[in-house]
Amino acid sequence: MEVHITKDQQRTFADDGIVKLPGLISAALLDEIRACFEWSIAHPGPIASGKTEGENISFVDNGNPDAKPMYDDLILRSGFGGIPAQLWDSEYVGYFAEEIFWKKGKANPTLWHQDTAYQPWSGEHWCNMWIPLAPMSADQSIQVIRASHKGIQYDGTTFNPKNPTQSLWGENGDFPRLPDISAESAADSDLWDIVGFDLVPGDVVIFHPHCLHRGGGTDSTLPERRNIVFRFFGDKSYYSDHLPKTKGMYDLKPIPSAAGGYLADGDPYRPADSIKAN
């Protein structure tokens, strides 16, 4: 893959926390990604959620250890690591893991959240590489609050559709509760600066995981929604001790370091099992 990230694209990502890279992926590479996606659907990992059968489907899988060799190989052969390397001017780019989203029939949007409410990450050099496998509108794809990657760390959500801002950590943490962005935006469209893009297969959206973001659902206008996310980190990526030690919905286990021992607060984020992607 030949990649040329412009200065404007670098500035847009740095300022807004999100940038669209249109037509980046070739048809042949898209076919490979689709094949990997189908394998992941057929072989759910230990933390997969949702069902893969029936009329209405909302399935998510994340960091399946059995899929790691397949995705590591795809990342290394594709040259995807060169994208964040140029976007950040980073000498080092590491690949973290994949995430699979499959929605079909009537499926709710993914609720607003920040990935950093669930993962011990800090620093400028993080990105979610969001790849659509079907055409979708800005409302149906991925949306972020512009520049929220520079702002407050909110509590996580438990992803309860009946209580979209239900606190993940609550009194165990020291985070303000998530605002109800969907309700507030419905009442006043100017209250939140929401960024999204119309997308077709071949496009890529890059956004910082500290951004407040949400994903679209499915209905009669988009009966099936498929996308895959690859996560990367760079020179200015660090392990952060900002999350509570309380066991709960997300148990945070010590992460072995490539340098030996375990990652500690402020360490460059270099897990022992991650690959260099550039």
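This structure is a prediction, so every number in the text was calculated from the model and none was measured.

*Asks:* Could you give an account of the overall build of the protein, naming the residues involved and the relevant values?
*Replies:* Of regular secondary structure, the protein possesses 5 helices and 13 strands. A compact globule built from 278 residues should have a C-alpha radius of gyration of about 19 Å, and the protein, at 18 Å, falls within 12% of that. Referenced to the eigenvectors of the C-alpha coordinate spread, the extents of the protein come out at roughly 50 × 45 × 40 Å. Across the 278 residues that make up the protein, the buried fraction comes to 50%. Contacts spanning at least 24 positions in sequence make up 81% of the contacts within the protein whose residues lie at least 6 apart. Carbon and sulfur atoms make up 51% of the accessible area of the protein, which amounts to about 12900 Å² in all. Seen as two clouds, the 24 positive and the 38 negative side-chain charges of the protein have centres 2 Å apart.

*Asks:* Residues and numbers for the layout of surface pockets, please.
*Replies:* Volume-wise, the second largest pocket comes out at about 340 Å³. Forming the boundary of the second largest pocket are 20 residues, of which G123, E124, H125, H149 and H208 lie nearest the centre. When residues of the lining of the second largest pocket are traced back to their parent elements, those giving at least two are helix 1 (7–16), helix 4 (82–88) and strand 5 (121–122). Sort the elements by how many residues they give to the lining of the second largest pocket and helix 1 lands first, with 3 residues. Its residues assigned to classes, the lining of the second largest pocket shows 7 nonpolar, 10 polar and 3 charged.

*Asks:* Which residues make up the environment of I57, and what are the values?
*Replies:* Summarising the element assignment, I57 is placed in strand 2 (residues 57–62). If we skip the residues at most four places from it in the chain, I57 touches K51, T52, W102, K103, K104 and A107.

*Asks:* A description of the environment of S237 should follow, citing residues and the corresponding values.
*Replies:* With respect to the helices, strands and loops of the structure, S237 is situated in the loop between strand 11 (224–234) and strand 12 (238–239). Residue class for S237 comes out buried when judged on its relative accessible area of 0%. Separated by 144 residues in sequence, S237 and V93 place their C-alpha atoms 9.6 Å apart. Beyond its immediate chain neighbours, meaning those up to four positions away, S237 contacts S122, H125, W126, D267, P268, Y269 and R270.

*Asks:* Provide a residue-level description of the packing of helix 2 (residues 27–42) against helix 3 (residues 68–78), including the pertinent values.
*Replies:* Between helix 2 and helix 3, whose axes approach to 11 Å, the crossing angle comes to 170°. Overall, the two elements helix 2 and helix 3 adopt an arrangement that is roughly antiparallel. When helix 2 is examined against helix 3, the residues L29, E32, I33, C36, F37, W39 and S40 are found in contact with a partner set consisting of M70, Y71, L74, R77 and S78.

*Asks:* How would you explain helix 1 if you had to name every residue and give the values?
*Replies:* The complete set of buried residues in helix 1 reads Q9, Q10, F13 and D16. Taken around the axis of helix 1, the buried residues stretch over an arc of 165°, which confines them to a single face. Just beyond helix 1, the residue with positive phi is G17, at close to 85°.

*Asks:* Would you mind going over the pattern of salt bridges in detail, with residue names and values included?
*Replies:* Applying the stated criterion across every chain, the model contains 13 salt bridges. One salt bridge in this structure joins R146 and D193, with 2.7 Å as the shortest N-O distance. Pair noted here: R146 is in the loop between strand 7 (142–145) and helix 5 (181–187) and D193 is in the loop between helix 5 and strand 8 (194–196), with a separation of 47 residues, a long-range link. When salt bridges with common partners are traced through the structure, they connect D16, R146 and D193 into a single cluster.

*Asks:* Which residues make up the packing of aromatic side chains, and what are the values?
*Replies:* This structure, assessed with the given rule, holds 12 aromatic pairs. Between Y95 and F232, the ring centres sit 5.6 Å apart and the planes meet at 50°, which makes this aromatic pair tilted. A residue pair is termed long-range when its members are at least 10 positions apart, and Y95 in strand 3 (residues 93–104) and F232 in strand 11 qualify at 137 residues. Y95 gets classed as buried once you look at its relative accessible area, which sits at 2%.

*Asks:* Can you explain the sheet that holds strand 7? Please cite residues and give values.
*Replies:* Strand order in the open sheet formed by 4 strands is 4-10-7-8, with antiparallel pairing between adjacent strands. Sheet topology places strand 4 (110–113) and strand 8 at the edges, where each strand pairs with a single neighbour. Taken over all neighbouring pairs, the strand axes of this sheet differ in orientation by 20° on average, direction set aside. Where strand 7 lies against strand 10 (residues 213–215), 3 bridges are found, and the strand directions are antiparallel. Looking at strand 10, one finds that Q143 is bridged to R214.

Calculation rules
- Residues numbered from 1 in each chain as written.
- Predicted model: local features only at pLDDT ≥ 70, side-chain atom pairs only at ≥ 80, totals over all residues.
- Heavy atoms only, no water.
- Helix = DSSP H or I, 4+ residues; strand = E, 2+ residues; numbered from the N terminus.
- Rg over C-alpha atoms; globule rule 2.2 N^0.38 Å.
- Buried < 20%, exposed > 50% of the residue type's maximum accessible area, 1.4 Å probe, protein only.
- Contact = heavy atoms within 4.5 Å.
- Areas by Shrake-Rupley, 256 points an atom, 1.4 Å probe, with all protein chains shown as cover.
- Lys, Arg positive; Asp, Glu negative; His and termini not counted.
- Charge placed at Lys NZ, Arg CZ, Asp CG, Glu CD.
- 1 Å grid on protein atoms, 1.4 Å probe; cavity = no way out; pocket = protein on both sides within 12 Å on 5 of 7 lines; lining within 4 Å.
- Points joined across faces, edges and corners; volume = space filled by probe spheres on them.
- Nonpolar A, V, L, I, M, F, W, Y, C, P; charged D, E, K, R; others polar.
- Axes fitted to C-alpha atoms, helices over the stretch in contact; angles between N-to-C directions.
- Parallel < 35°, antiparallel > 145°, perpendicular 65-115°, else oblique.
- Arc of directions from axis to C-beta.
- Salt bridge = Lys/Arg side-chain N within 4 Å of Asp/Glu carboxyl O.
- Phe/Tyr/Trp six-rings, centres within 6.5 Å; stacked < 30°, edge-to-face > 60°.
- Pairing = 2+ DSSP bridges.

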